[in-house]
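Okay, here's what each chain looks like letter by letter:
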Amino acid sequence: MAVEMKVFSTGIDPQDWIPERFTKPGGGVTPPIFWQHLPEKTRSLVLIMEHREAKPEARVFWLVYDIPPKAEGIHEGGPLPAGAKVGRNSFGEVGYRPPEASADRSLQHYDFLLLATDLASLGLPEGADWEAVKQALKGHHAPEDLAPPPAIDVRARELHPLSHVLDHAEFSGHFALDIDAPAKT
């Protein structure tokens, strides 16, 4: 029986609050991210942190690609494993964009998605955006694989055309400012 691929953080409990030190109010340290049980033919990894409720043009907060699968993970505050490249987030910055509070202090969800790929490198320079990464992961599907997944499975529909992705795993955390705290302007 195959063991399921896993991504996790030693600093963020799945489906729980993102600790302040990983957010903009707390200084914005990059969170520790680790993985286990990668597919046997994994040649590189892609990590993306997305703000689930954000508009598509403001969704990507962190993107790292060409991560060597032999690396144990990304430690809190960095550095990245040798050979890994940092992508451009949705705000035009190359690097980690920490969660910020919304004006209405609503609860925000952040998804951490790890992709195992069969490519040793995506062939992209540092600073590529998520669209360029997805384009590099597209390949040729066998004719029997052309049927798209159900419309309700948004993540599966996004990953379906990325035939260089062997498997994926994800976890989520959430963030909001304390309702009783005064708003910072």
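Everything quoted here is computed from the prediction, not taken from an experiment.

**Student:** Which parts of the structure should I look at to understand the overall build of the protein chain?
**Tutor:** Helix and strand content of the protein chain: two helices and nine strands. For the protein chain, the N- to C-terminal ordering of α and β elements is β-β-β-β-β-β-β-β-α-α-β. Buried residues in the protein chain amount to 42% of all 185 residues. In the protein chain, the share of contacts with a sequence separation of at least 24, taken over all contacts with a separation of at least 6, comes to 71%. For the protein chain, the exposed area adds up to about 10000 Å²; of that, 54% sits on carbon and sulfur atoms.

**Student:** How should the nonpolar core be read in this particular structure?
**Tutor:** For soluble globular proteins, the rule of thumb is that nonpolar side chains tend to be buried together. Grouped together as the largest cluster of nonpolar side chains are 25 residues, with contacts concentrated most on Ile33, Trp35, Leu47, Trp62 and Ile67. At the level of elements, β3 (33–36), β4 (44–51), β5 (60–67), β8 (108–117) and β9 (165–175) are the ones that each hand at least two residues to this core. For Trp62, the contacting residues outside a window of four places in its chain are Thr30, Pro31, Ile33, Leu47, Ile48, Met49, Ile74, Asn89, Gly95 and Tyr96. Listed in part, the 17 residues of the second largest apolar core include Val46, Val60, Leu159 and Leu162.

**Student:** Please explain helix α1 (residues 130–137) as it appears in this structure.
**Tutor:** Since there are 3.6 residues in each turn of an α-helix, residues three or four apart along the chain are aligned in direction. Buried residues of α1: Trp130, Val133, Lys134 and Leu137, and no others. Seen end-on, α1 carries its buried residues on one side only, within an arc spanning 100°.

**Student:** Would you explain the environment of Trp35 in this entry?
**Tutor:** Relative to the assigned elements, Trp35 resides in strand β3. Residue class for Trp35 comes out buried when judged on its relative accessible area of 7%. Spatially, the C-alpha atom of Trp35 lies 6.3 Å from that of Gly73, the residues being 38 residues apart in sequence.

**Student:** Help me understand the sheet that holds β8, please; the structure alone is not making it clear to me.
**Tutor:** Within a sheet, adjacent strands bond to each other through the backbone by hydrogen bonds, running parallel or antiparallel. In space, the six strands of this open sheet follow the order β2-β9-β8-β4-β5-β7, with mixed pairing throughout. Since the sheet does not close on itself, it has two edges, and those belong to β2 (16–17) and β7 (85–86), each with one partner. Note: β4 against β5, five bridges, orientation antiparallel. In the sheet register, Leu47 faces β5, and the bridge partner there is Val64. Its contacts with the sheet place α1 against β4, β5, β8 and β9, and it is angled at close to 140° to β4.

**Student:** Just checking my understanding: could you explain the sheet that holds strand β1 (residues 6–8) for this structure?
**Tutor:** The strand order β1-β3-β6 describes an open sheet built from three strands, whose pairing is antiparallel. Each edge of the sheet is formed by a strand with only one pairing partner; in this case those strands are β1 and β6 (73–74). As judged from the three bridges shared by β1 and β3, these two strands associate in the antiparallel manner. Counterpart to Val7 in the pairing with β3 is Trp35.

**Student:** Looking at this structure, I do not really get the pairing of β9. What am I missing?
**Tutor:** Looking along a regular strand, one sees the side chains alternate between the two faces of the sheet. Where β2 meets β9, two bridges bridge the pair, whose relative direction is parallel. Residue pairing in the sheet places Trp17 in a bridge with His174 of β9. Relative to β9, β8 runs antiparallel, the two being bridged by ten bridges. The residue bridging Leu113 from the neighbouring strand is Glu170, located in β9.

**Student:** Honestly, the confidence of the model for the protein chain in this entry has me stumped. Any pointers?
**Tutor:** For residues with low pLDDT, the predicted coordinates do not support detailed interpretation. Across the protein chain, pLDDT averages 87, with 85% of residues at or above 70. Counting contacts from residues 179–185, a segment whose pLDDT is below 50, to residues more than four positions away or on other chains yields five contacts.

**Student:** Even after reading the chapter, I still don't get the environment of Arg88, so can you show me in this structure?
**Tutor:** Its place among the elements puts Arg88 in the loop between β7 and β8. Considering only alpha carbons, one finds Arg88 and Leu63, 25 residues apart in sequence, at a separation of 6.7 Å. Excluding residues within four positions of it along the chain, Arg88 makes contact with Leu63, Glu93, Val94, Gly127, Ala128 and Asp129. A distance of 2.8 Å separates a polar atom in the side chain of Arg88 from the backbone oxygen of Gly92. Of the polar contacts made by the side chain of Arg88, one reaches the backbone oxygen of Gly127; its length is 3.3 Å.

Reading the values: rules and limits
- Residues numbered from 1 in each chain as written.
- Predicted model: local features only at pLDDT ≥ 70, side-chain atom pairs only at ≥ 80, totals over all residues.
- Heavy atoms only, no water.
- Helix = DSSP H or I, 4+ residues; strand = E, 2+ residues; numbered from the N terminus.
- Buried < 20%, exposed > 50% of the residue type's maximum accessible area, 1.4 Å probe, protein only.
- Contact = heavy atoms within 4.5 Å.
- Areas by Shrake-Rupley, 256 points an atom, 1.4 Å probe, with all protein chains shown as cover.
- Core = buried A, V, L, I, M, F, W, Y, C linked by side-chain atoms within 4.5 Å.
- Arc of directions from axis to C-beta.
- Pairing = 2+ DSSP bridges.
- Axes fitted to C-alpha atoms, helices over the stretch in contact; angles between N-to-C directions.
- pLDDT = per-residue confidence, 0-100.
- Polar contact = N/O pair within 3.5 Å; in protein donor to acceptor, adjacent residues only side chain to side chain.

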